[in-house]
Amino acid sequence: MNNKQPSKLATIAILSLYMLSMANATINGSLMSIMMAFPQTAPSRVLQLMTIGTIFAIPANLFAGWALGKKMKYRTAAIIGSALIVIGYIGPAFLHSSVEQMLVLRAIAGIGSGLTLPLGNALVMGVFPPEKSATIMGIGTAVTNVSGMIMSYVAGLLTTKDWTLSFWASSLVIITLVLSFCIPEPPKFDMPPASDAEKKPEAAVKLNPFTWVVVITFGLMSLFCNSVFINISVIMANKGIGGAAEASLATSMFMLAGMIIGFANGKLFEALKGKTIALGLFLQALAMVCVHFGNSTILAYIAMFLLGFGYSGAMITLMMLTGMKNHPSKTALAVSLNLTVINLVTFIITGYIGVLDKIMPVEYNYVLVAMIGFIIMTVLYFIFDPLKAPKKEA
C-alpha cells in the first residue's frame with residue numbers, strides 16, 4: 001500500500017477513468033433513428049452497435065488484468081484505451097455510410113473499454129490507503145452515473161437534429177484521454193519471502209479463493225439487475241404505466257441513485273462494513289417486488305431508484321473486498337475478472353430471458369427469478385459476512 005497520497009491532479013485523472021464505462025450507452029436513444037436511416041438493414045444488426053463492443057472488451061479486459069503493473073504501465077493502458085474509445089465512439093459522426101462501418105468503430109471502442117475498465121478500481125485500491133479508498137471509489141461511481149446522465153441527455157438533444165450528431169455526446173471522454181497522461185503508477189510490491197516463491201516467482205502469489213465467490217456474486221447480481229434494467233420500458237408499457245418519456249425518467253432514477261450512493265458510500269461502508277453487500281442485495285430484492293407487483297408509475301420510479309442504490313452500493317463494496325482479499329500484485333487481475341463477468345452477462349442476457357420463457361412461461365419471469373435470487377443472496381451475505389473477523393478460540 002502506498003503511504004504517499006497522490007496529487008489532486010492525479011486523483012482527478014483517476015476519477016476521470018470512471019466516465020469511460022457509460023460512453024457506450026449514449027446512443028441508446030438514437031437506435032430507432034439509426035434503424036430508420038438504414039431500412040434495408042435488419043434491426044437486430046443495428047442493435048449490435050450496443051453489444052459488439054462487449055465481445056471485444058472481454059479479451060482486452062483479461063489481457064489488461066494480466067499485464068497491468070507487469071508488462072504494461074497503468075498510464076500506458078489509460079492512454080491507449082481512452083484513445084481507442086475516442087476513435088470508436090466519436091468516429092461514427094464522420095464515418096456512418098453503413099452500419100458495418102459503425103460496427104467496426106464500435107468494436108475498436110470495445111477494445112479500448114476492455115483495457116481501461118479495470119484501471120479505476122485497481123488504481124484506487126493501489127494508491128490510496130484503505131480508509132480512503134472506499135470514499136474515492138464511491139465518488140468514482142458517482143462520476144460514472146453523472147457522466148452517463150449528461151452524455152445520454154446530450155445525445156438525446158442532438159438526435160432530434162440529426163442522428164449522426166448523437167455520437168458527439170461521447171466527446172466527454174476526450175477529457176479522460178488528456179488526463180490519462182497524469183495517471184500515477186501504483187507502488188512496487190514486495191513478493192512474500194517464501195522459498196517456493198523465490199524459486200517460482202510467477203506462482204508466489206495466487207488469487208484469494210474468495211475472489212471467485214465475488215466473481216459469481218457479480219455475475220448473478222448483474223444478470224438479475226440488467227434483465228430488468230434493459231426491459232423497464234417494455235414492462236411499463238405492458239402494464240400501461242408509462243411510455244418512452246416515463247421509462248427514460250425511470251432509467252435516470254437508477255443513475256441518480258448510483259450517484260447518491262457514490263458520494264455516501266464511504267460513510268456507509270465505515271458503519272456497516274461487509275453488511276453493505278447484504279443491504280445492497282436486499283434493496284435490489286425490494287426493487288424486484290415493486291416491479292413485479294407494482295402497477296403505478298411512481299412505484300416504477302421507486303423500484304429503479306432502489307435498484308440503482310442497491311446495485312451500486314453492493315458493487316462498490318464487492319470491489320473493495322476484491323482489493324482487501326488479494327495481494328496488490330493480483331488486484332488488477334481480480335478486478336478484471338469481475339468486469340469480464342459483467343461484460344459476459346451483458347452479451348448473454350437476451351438469450352437468458354429466451355431460455356426462461358421456454359422453461360418458465362409466466363409473465364415477467366425474469367423479474368420473479370431476480371427477486372428470489374436476490375433474497376437468497378441477501379440471506380447468505382447477511383449470515384456469512386466476508387469482512388467479519390473469525391472468532392479466536394480460547
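These figures come from a predicted structure and were not determined experimentally.

Definitions and limits used
- Residues numbered from 1 in each chain as written.
- Predicted model: local features only at pLDDT ≥ 70, side-chain atom pairs only at ≥ 80, totals over all residues.
- Heavy atoms only, no water.
- Helix = DSSP H or I, 4+ residues; strand = E, 2+ residues; numbered from the N terminus.
- Rg over C-alpha atoms; globule rule 2.2 N^0.38 Å.
- Buried < 20%, exposed > 50% of the residue type's maximum accessible area, 1.4 Å probe, protein only.
- Contact = heavy atoms within 4.5 Å.
- Areas by Shrake-Rupley, 256 points an atom, 1.4 Å probe, with all protein chains shown as cover.
- Lys, Arg positive; Asp, Glu negative; His and termini not counted.
- Charge placed at Lys NZ, Arg CZ, Asp CG, Glu CD.
- Phe/Tyr/Trp six-rings, centres within 6.5 Å; stacked < 30°, edge-to-face > 60°.
- Lys NZ or Arg CZ within 6 Å of the ring centre and 35° of its normal.
- Patch = residues over 30% accessible without salt bridge, like charges linked within 9 Å, V, L, I, M, F, W, Y side chains within 5 Å.
- Salt bridge = Lys/Arg side-chain N within 4 Å of Asp/Glu carboxyl O.
- Disulfide = S-S within 2.5 Å.
- Axes fitted to C-alpha atoms, helices over the stretch in contact; angles between N-to-C directions.
- Parallel < 35°, antiparallel > 145°, perpendicular 65-115°, else oblique.
- Left-handed = near helix turned anticlockwise from the far one by under 90°.
- Nonpolar A, V, L, I, M, F, W, Y, C, P; charged D, E, K, R; others polar.

## Side note on the overall build of the chain
Stage number 1. Within the chain, the secondary structure is distributed over 16 helices and zero strands.
Stage number 2. Here the C-alpha atoms of the chain give a radius of gyration of 21 Å, agreeing with the 21 Å that 2.2 N^0.38 yields for 394 residues.
Stage number 3. Relative to its 394 residues, the chain shows a buried fraction of 52%.
Stage number 4. Put simply, 84% of the contacts in the chain that link residues at least 6 apart link residues at least 24 apart.
Stage number 5. In the form shown here, the chain has an accessible surface area of approximately 18000 Å², with 69% of it arising from carbon and sulfur atoms.
Stage number 6. Across the chain, the mean location of the 24 positive side-chain charges is 5 Å away from that of the 14 negative side-chain charges.

## Side note on the packing of aromatic side chains
Stage number 1. What the rule picks out here adds up to eight aromatic pairs.
Stage number 2. A centroid spacing of 5.3 Å and a plane angle of 75 degrees characterise the contact between F94 and W168, whose relative ring orientation is edge-to-face. Of this pair, F94 sits in the loop between α4 (74-90) and α5 (99-116) while W168 is found in the loop between α7 (130-159) and α8 (173-179), placing the two residues 74 residues apart along the sequence.
Stage number 3. What makes F94 exposed here is its relative accessible area of 58%.
Stage number 4. Three or more aromatic residues joined by ring pairs form one cluster here, namely F38, W163 and F167.
Stage number 5. K275 extends its terminal NZ or CZ atom over the ring of F382, reaching a point 5.2 Å from the ring centre.
Stage number 6. A cation sits over an aromatic face here: K325 above F210, 5.3 Å from the ring centre.

## Concerning a nonpolar patch on the surface
Stage number 1. Together, I372, I375, I376, V379, L380, F382, I383 and F384 make up an exposed nonpolar region whose accessible area comes to about 810 Å².
Stage number 2. Here I372 lies in helix α16 (residues 365-383).
Stage number 3. Assessed through its relative accessible area of 44%, I372 is described here as partly exposed.

## Overview of the state of the cysteines
Stage number 1. Under the defined criterion, the tally for this structure stands at zero disulfides.
Stage number 2. No disulfide involves C225; its sulfur sits 14 Å from that of C290, the nearest cysteine.

## Some thoughts on the packing of helix α6 (residues 119-127) against α7
Stage number 1. In the contact formed by α6 and α7, the axes pass within 8 Å of each other and the chain directions differ by 155 degrees. In terms of orientation, α6 and α7 fall into the roughly antiparallel class. Judged by the sense of rotation from one axis to the other, the crossing of α6 with α7 is right-handed. Residue-level contacts link N121, V124 and M125 of α6 to S133, I136 and M137 of α7.
Stage number 2. When its residues are assigned to classes, the contact of α6 with α7 shows four nonpolar, two polar and no charged.

## What about the environment of T211?
Stage number 1. Mapped onto the elements of the fold, T211 is located in helix α10 (residues 210-229).
Stage number 2. In this structure, the C-alpha to C-alpha distance between T211 and P328, residues 117 residues apart in sequence, is 13 Å.
Stage number 3. Beyond its immediate stretch of four places on either side in the chain, T211 contacts N326 and A334.

## Observations regarding the side chain of Q284
Stage number 1. Structurally, Q284 is set in helix α13 (residues 275-293).
Stage number 2. Classification of Q284 by relative accessible area gives buried; the value is 0%.
Stage number 3. Once you skip the residues sitting within four places of it in the chain, Q284 turns out to touch M221, C225, L307, G310, Y311, A314 and F374.

## Concerning the environment of L339
Stage number 1. Mapped onto the fold, L339 is located in helix α15 (residues 331-359).
Stage number 2. Expressed as a C-alpha distance, the spacing of L339 and M319, which sit 20 residues apart in the sequence, is 9.9 Å.
Stage number 3. For L339, the contacting residues outside a window of four places in its chain are N61, L117, P118 and M319.

## Focus on the packing of α4 against α5
Stage number 1. In contact at an axis separation of 7 Å, α4 and α5 are set at 155 degrees when each is read in the N-to-C sense. The angle between the axes of α4 and α5 places the two elements in the roughly antiparallel class. For α4 against α5, the interelement crossing comes out left-handed. Along its contact with α4, which presents A77, A78, I80, G81, S82, L84, I85, I87, G88 and Y89, the element α5 presents L105, R106, I108, A109, I111, G112, S113, L115 and T116.
Stage number 2. For the contact of α4 with α5, the per-class residue count stands at 12 nonpolar, six polar and one charged.

## A short note on unusual backbone geometry
Stage number 1. Even without a glycine there, the phi angle at Y364 is positive, about 55 degrees.
Stage number 2. On the secondary structure map, Y364 appears in the loop between α15 and α16.
Stage number 3. Using a relative accessible area of 12% as the deciding quantity, one classes Y364 as buried.

## Overview of α6
Stage number 1. Burial analysis of α6 places nine of its nine residues in the buried class, which makes it a mostly covered element.
Stage number 2. Of all the residues in α6, the buried ones are L119, G120, N121, A122, L123, V124, M125, G126 and V127.

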